[in-house]
Amino acid sequence: MSDETLNGAAPSTDAPQGPLFTVEKLYVKDLSFEAPNAPQVFNEQGQPDLQMKLNQKVERLAENAYEVSLGITLTCTLNGKTAYLAEVEQCGVFGLAGMEAPMLDAMLGIQCPTILYPYASAAITQLITSGGFPPFPMQPINFEALYAEALRQRAAQVGQQDGALAADTDTAGNA
């Protein structure tokens, strides 16, 4: 049956054309929870102060395989004392092929962390509630806006470097 043709057409032996995006593996690389002032912190009264830090790393594993790491650190303080510190590094291995550099960069900076975020958020929530604290409802993050801001910052840095080089060149030429 495999030698038969469909509708008179020969079977295609060509690789798929166009960009290819696959999620190969999702996993937690690092997980941590600390409640340094427990159990006394459970008796504290007041408004908690929550600080969230977000970071992202990309590592090329093979020609078309990338590990994207999304790190979230959530620190809760109450009356100047640390109630808890929850950290997760949620990772994924993604297959990306057939893309020009700008599209590849955007996929790694927007699509991959967007896929990882719900898993990281669930892990943080589980850590906090398992630690005896009320859950922290993590709001959605617009990774497209974060990526656009990162592009603006990169462009500004390149512009400053080019300006410094141009200033050095002008000064050297005028000296």
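Relevant structure appears above.
Description of the structure in this document.

The rules behind these values
Residues numbered from 1 in each chain as written. Predicted model: local features only at pLDDT ≥ 70, side-chain atom pairs only at ≥ 80, totals over all residues. Heavy atoms only, no water. Patch = residues over 30% accessible without salt bridge, like charges linked within 9 Å, V, L, I, M, F, W, Y side chains within 5 Å. Areas by Shrake-Rupley, 256 points an atom, 1.4 Å probe, with all protein chains shown as cover. Salt bridge = Lys/Arg side-chain N within 4 Å of Asp/Glu carboxyl O. Helix = DSSP H or I, 4+ residues; strand = E, 2+ residues; numbered from the N terminus. Expected span 1.5 Å × (residues − 1). Pairing = 2+ DSSP bridges. Axes fitted to C-alpha atoms, helices over the stretch in contact; angles between N-to-C directions. Contact = heavy atoms within 4.5 Å. Buried < 20%, exposed > 50% of the residue type's maximum accessible area, 1.4 Å probe, protein only.

### Some details on a nonpolar patch on the surface
Thinking step 1. Taken together, the side chains of Met-52, Leu-54 and Leu-146 present a nonpolar region at the surface, about 230 Å² in accessible area.
Thinking step 2. On the secondary structure map, Met-52 appears in strand S2 (residues 49-62).

### Some words on helix H1 (residues 101-130)
Thinking step 1. Its 30 residues give H1 an end-to-end C-alpha distance of 42 Å, which sits within 8% of 44 Å, the value for a rise of 1.5 Å per residue.
Thinking step 2. Gly-132, located one to two residues past H1, shows a positive phi value of around 90°.

### Concerning the sheet that holds strand S1 (residues 20-34)
Thinking step 1. Overall, antiparallel pairing links the four strands, which are arranged S1-S4-S3-S2 in an open sheet. At either end of the open sheet lies a strand with only one pairing partner, and these are S1 and S2. Across the sheet, the axes of successive neighbouring strands diverge by a mean angle of 15°, strand direction being ignored.
Thinking step 2. Where S2 and strand S3 (residues 65-78) come together, 13 bridges link them in antiparallel fashion. Considered in S3, the bridge of Asn-55 is made with Gly-71.
Thinking step 3. Sheet strands touched by H1: S1, S2, S3 and strand S4 (81-97). Its angle to S4, the strand with the most contacts, is close to 140°.

### As for the pattern of salt bridges
Thinking step 1. All chains considered together, the criterion is met by five salt bridges.
Thinking step 2. Lys-81 is paired through a salt bridge with Glu-44; the nearest N and O atoms lie 3.1 Å apart. Here Lys-81 is found in strand S4, whereas its partner Glu-44 is found in the loop between S1 and S2, with 37 residues between them in sequence.
Thinking step 3. Owing to a relative accessible area of 41%, Lys-81 belongs among the partly exposed residues under this scheme.
Thinking step 4. By relative accessible area, Glu-44 is classed as partly exposed at 23%.
Thinking step 5. Put simply, Arg-154 and Asp-105 hold a salt bridge, and the shortest N to O gap is 3.3 Å. Of this pair, Arg-154 sits in helix H2 (residues 143-174) while Asp-105 sits in helix H1, and the two are 49 residues apart along the sequence.

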